[in-house]
Every structure is written in structure tokens, then in C-alpha cells.
Protein chains: 2
Amino acid sequence: MLRINRETDYATAILSLMAQEPDECYSAAWLSARRCLPAPVVSKILKQLVRAQLLVSHRGAKGGYSLARPAEEISIAAVINAIEGPIALTDCIEGGNSACQYSAHCAVSSNWSRINDVFQHALEAVSLKDMSEPLAAEHPGLRALGERVRSAVN
Amino acid sequence: MLRINRETDYATAILSLMAQEPDECYSAAWLSARRCLPAPVVSKILKQLVRAQLLVSHRGAKGGYSLARPAEEISIAAVINAIEGPIALTDCIEGGNSACQYSAHCAVSSNWSRINDVFQHALEAVSLKDMSEPLAAEHPGLRALGERVRSAVN
DNA sequence: CTTAAACCGTACCAAATTCGTACGGTTTCA
DNA sequence: TGAAACCGTACGAATTTGGTACGGTTTAAG
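Quick notes on the rules
- Residues numbered from 1 in each chain as written.
- Chains lettered and ligands numbered in written order.
- Predicted model: local features only at pLDDT ≥ 70, side-chain atom pairs only at ≥ 80, totals over all residues.
- Heavy atoms only, no water.
- Helix = DSSP H or I, 4+ residues; strand = E, 2+ residues; numbered from the N terminus.
- Buried < 20%, exposed > 50% of the residue type's maximum accessible area, 1.4 Å probe, protein only.
- Contact = heavy atoms within 4.5 Å.
- Areas by Shrake-Rupley, 256 points an atom, 1.4 Å probe, with all protein chains shown as cover.
- Phe/Tyr/Trp six-rings, centres within 6.5 Å; stacked < 30°, edge-to-face > 60°.
- Pairing = 2+ DSSP bridges.
- Salt bridge = Lys/Arg side-chain N within 4 Å of Asp/Glu carboxyl O.
- Near = heavy atom within 4 Å.
- Polar contact = N/O pair within 3.5 Å; in protein donor to acceptor, adjacent residues only side chain to side chain.
- Nonpolar A, V, L, I, M, F, W, Y, C, P; charged D, E, K, R; others polar.
- Axes fitted to C-alpha atoms, helices over the stretch in contact; angles between N-to-C directions.
- Parallel < 35°, antiparallel > 145°, perpendicular 65-115°, else oblique.
- Expected span 1.5 Å × (residues − 1).
- Arc of directions from axis to C-beta.

With respect to the overall build of chain A
Looking only at helices and strands, one finds 8 helices and 2 strands in chain A. Seen in sequence order, chain A has helices and strands lined up from the N terminus as α-α-α-β-β-α-α-α-α-α. Out of the 154 residues in chain A, the part that is buried amounts to 48%. Summarising the internal contacts of chain A: among those between residues at least 6 apart in sequence, 58% fall at separations of at least 24. Carbon and sulfur atoms provide 51% of the accessible area of chain A, an area that totals close to 7,500 Å².

Here we look at the packing of aromatic side chains
Enumeration over the complete set of coordinates arrives at 3 aromatic pairs over all chains. When the centroid spacing of 5.5 Å and the interplanar angle of 35 degrees are considered together, the rings of Tyr26 of chain A and Trp30 of chain A count as tilted.

Re the side chain of Gln48 of chain B
Residues and elements named next belong to chain B. Here Gln48 is to be found in helix α3 (residues 39-51). On the basis of relative accessibility, which here comes to 17%, the residue Gln48 falls in the buried class. If we skip the residues at most four places from it in the chain, Gln48 touches Glu7, Ala82 and Ile83.

Considerations on the pairing of strand β1 (residues 55-58) of chain B
For a regular strand, side-chain orientation follows a simple rule: the groups alternate between the two sheet faces. Residue and element names in this part refer to chain B. Pairing of β1 with strand β2 (residues 64-67) involves 4 bridges; the strand directions are antiparallel. Its bridge partner lying in β2, Val56 is registered against Ser66. Here β1 hands over to β2 after 5 residues, with Gly60 in that stretch at a positive phi of 80 degrees.

Digging into the pattern of salt bridges
With the rule as written, the count across this model stands at 8 salt bridges over all chains. Among the ionic pairs, Lys129 of chain A bridges to Glu133 of chain A, the shortest N-O distance being 3.5 Å. Residue Lys129 of chain A is classed as partly exposed on the basis of its relative accessible area, which comes to 32%. The salt bridge involving Lys44 of chain B is made with Glu7 of chain B; its shortest N-O contact spans 3.7 Å. On the criterion of sequence distance, the pair formed by Lys44 of chain B in helix α3 and Glu7 of chain B in helix α1 (residues 6-18) is long-range, its members being 37 residues apart. Judged by its relative accessible area of 47%, Lys44 of chain B falls in the partly exposed class.

Things to note about the environment of Asp117 of chain A
All names here are of chain A. By secondary structure assignment, the location of Asp117 is in helix α6 (residues 107-124). Using a relative accessible area of 36% as the deciding quantity, one classes Asp117 as partly exposed. In the structure, Asp117 is positioned 29 residues away from Ala88 in sequence and 9.1 Å away in space, judged by C-alpha atoms.

Observations regarding the protein's contact with DNA strand C
Close to DNA strand C lie 24 residues, the nearest being Ala28, Lys47, Ser57 and Tyr65 of chain A together with Lys44 of chain B. For DNA strand C, the fraction of atoms within 4 Å of the protein that belong to sugar or phosphate moieties is 73%. Between DNA strand C and the protein, one listed contact pairs a phosphate oxygen with a side-chain N or O atom of Tyr65 of chain A at 2.8 Å. Residue Arg6 of chain B places a main-chain N or O atom 3.2 Å away from a phosphate oxygen belonging to DNA strand C. Looking at the surface near DNA strand C, the elements with two or more residues in it are β1 (55-58) and β2 (64-67) of chain A together with α1 and α3 of chain B. It is α3 of chain B that provides the largest number of residues to the surface near DNA strand C, a total of 3 residues. Here the residues of the surface near DNA strand C are counted per class, giving 10 nonpolar, 8 polar and 6 charged.

Quick look at the packing of α1 of chain B against α3 of chain B
Residue and element names in this part refer to chain B. At their nearest, the axes of α1 and α3 sit 10 Å apart, and the two run at 80 degrees to each other. One element, α1, and the other, α3, form an angle in the roughly perpendicular class. Contacts between α1 and α3 involve Glu7, Tyr10, Ala11, Ile14 and Leu15 from the former and Val41, Val42, Lys44, Ile45, Leu46, Gln48 and Leu49 from the latter. Residue composition of the contact of α1 with α3, grouped by class: 9 nonpolar, 1 polar and 2 charged.

Observations concerning the protein's contact with DNA strand D
Taken together, 25 residues lie near DNA strand D, and Lys44 of chain A together with Ala28, Lys47, Ser57 and Tyr65 of chain B sit nearest. Counted by atom, the contact set of DNA strand D within 4 Å of the protein is 69% sugar and phosphate. Contact distances for DNA strand D include 2.9 Å between a phosphate oxygen and a backbone N or O atom of Ala28 of chain B. Broken down by secondary-structure element, the contributors of at least two residues to the surface near DNA strand D are α1 (6-18) and α3 (39-51) of chain A together with β1 and β2 of chain B. Here the surface near DNA strand D is composed, by residue class, of 10 nonpolar, 8 polar and 7 charged.

Some points on α3 of chain A
Each turn of an α-helix holds 3.6 residues, which means side chains three or four residues apart point in the same direction. All names here are of chain A. In this model, α3 (13 residues) spans 19 Å end to end at C-alpha, consistent with the 18 Å of a helix rising 1.5 Å per residue. Within α3 the residues assigned to the buried category are Val42, Ile45, Leu46, Gln48 and Leu49. Down the axis of α3, the buried side of the element spans an arc of 160 degrees, and every buried residue falls inside it. Residues of α3 that are exposed and point over 90 degrees away from its buried face: Pro40 and Arg51. For α3, the secondary structure elements touched by its buried residues are α1, α2 (28-35), β1, β2 and α4 (76-84). Just downstream of α3 lies Gln53, where phi reads positive at about 65 degrees.

Okay, structure coming up:
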């Protein structure tokens, strides 16, 4: 557990495919066939990505979807945000109604919030371009991150 | 979204309370009253934590629960693991059955896996002790992490 | 100017998960 | 012997998730 939902996973798969030919215009049907995902689901996801301004759509025959900006400038955090809303590890963080009366004298909530921030930044540091390349194990940001976490505390 | 489940949140709240007097033996009823959480839920969580060997239980009258080891040696990753199982951001990572035929030539899955590792390490780096102290914003591991992620990629 | 390819939006449904409850059993202390 | 506490299983309602249906609009091509 602690997982992103399936649609977000699909979204990154679709977007990473589009990132390979960033100026192309892709139809929902083509993407669905290419990724072996149900067409209505792909459509639904694409529409959400348009609303979040990660894609632009072109209507009519020969229409389709294309990236709204270069793949380097689209972060995984933005994709998650588009599909599932703000990253919020706990109810408390999303704040609003759910009535954590304690927050003032509750160390836990502020610490979760801190962890949440770290995750957020980490995901902002990974772009669609990174995600679409096979060897992102070498991605400098992530690699450094892994090592630093290890050494920072032990 | 991208959140831990509520029980995990409760678990950290309960454990951080116990971490304040680590040698004390706490009854489920007392913890539930203190955290204003429904007693059966608290019980359920405590039992899961025993099974994961983060707590030890003492049966009978005057029984209760106490930490199985020092708060410094219990990581948040371990707590998540105890309540919701292994950290697995995507279906693909949990692997097993769910048939990602592509994994061989799918850059996305390996990259999610990499991100998953980073999160795992980050959560292993935060102990229950950190979590129970109000100013973990000053926690060296996390603080450094935040800054480093920012600078590593931009 | 008609047709077909494509996107658009809303609404709906079924399955899975989550959150919480219930209840009967066992161990230990006083 | 009784009360306080843990133990385990199983259940059920509510939410979330994953996916479908369908009728509408826009645009290119013949």
C-alpha cells in the first residue's frame, strides 16, 4: 500500500509514450491500442489531463491530443495532481473539515506534513522525460536523493 | 490523494504517545481515551502492531502494550508496513499476478520502482522518536532531504 | 454539404477497499 | 472467583475506484 491509483499509473504510461514524439498529435484510440488499455478509460484520463493543462486537445477529424509543453517541464507531481488532486498523505494535511482538533499540540500531524513536503518535492524533481527514458536509475536527482537519505540519518 | 490509510495515521499517533514514556505499559482503553479514538479501532491497530513485532502485549488484568524496542529504532516505514503491508506505489511494483506484460520494455514501471525505493528509504530514515517530537521540522535527515531535492534537479 | 473521425461531458454502475463494530474466548491479577 | 485486559474472527455499511454508456459538438475531407 501507500500507492497512487491506477489511473495515475495509466496516465504516466500514456504521457511517457507521447513524450517520445512530443509534437505529434495522438488520438485516444491510438493511445489505447498502443498501451492495451480500454478506450473509454484512456479518454477519461486524457480529458482530465487537458483540464489540468498538461495536454492540449484538437477537436474534429484528425484531431487528438498533444503535450501542452516540453516533456522536461511536466513533473510527475503535476500528473498526480491532475488525476488525484493534491498530494496529501493524511486527512489532517488536506485540512479542511476533518476536524483534527489536536493539530495545535499534536506533533504527529506537523511531522506528517513535513514528510508530505519532502515527497512533493521529490516528485516535482522527476519529469515526464525522465520517466520515459529506460535508464532513469541514473537520474541524478533521484540517485542523489537515495544515497543522501541513507547517509543523512544512519 | 496519494495517502496512507487512516489506521496508519492512528497508529503513528498512538505509538508517538507511547514513545513519550517508552517503558510504560498502556492499556488499549487508556490510549483510546487519550487520543479520542474509538476503542475497538485502537484495539485492532494495537494487535496488528504486535503481530509486526513493534509492540509487545501483556495479557491479563493490569496488562497492556509496550514498545518492543526503543523509539529510535522503530521507523515510520515499519509502521506503514505493519498496517498496510509493503510500500508499493503501483500495482506493477507489488508484482505478482497483475500481469504487466510490458515490464521488460516499459520504462515507466522501472522508474516508478525507483521512486518507490526513494520513498521507502526516506520513511526508514524517520523514527518514532522523531515523529513524537514537536519540532521535527528541524530533523536533520528530513530537512537536508528537502533542500537537496530542490537543488539536485533545478 | 454531408459524412465520419475525433473530442466533450455527464452520469451511472459494479466491484473492491476501508472503516468501524460485534461478540465470544483466553489469560492474569487481586 | 471475578474483573480487567488482550485475542481473533467475522461482519457490515460507506466510500472509493475502475470502468461503461450515451448523446452532443467540432472539424477535415470528399
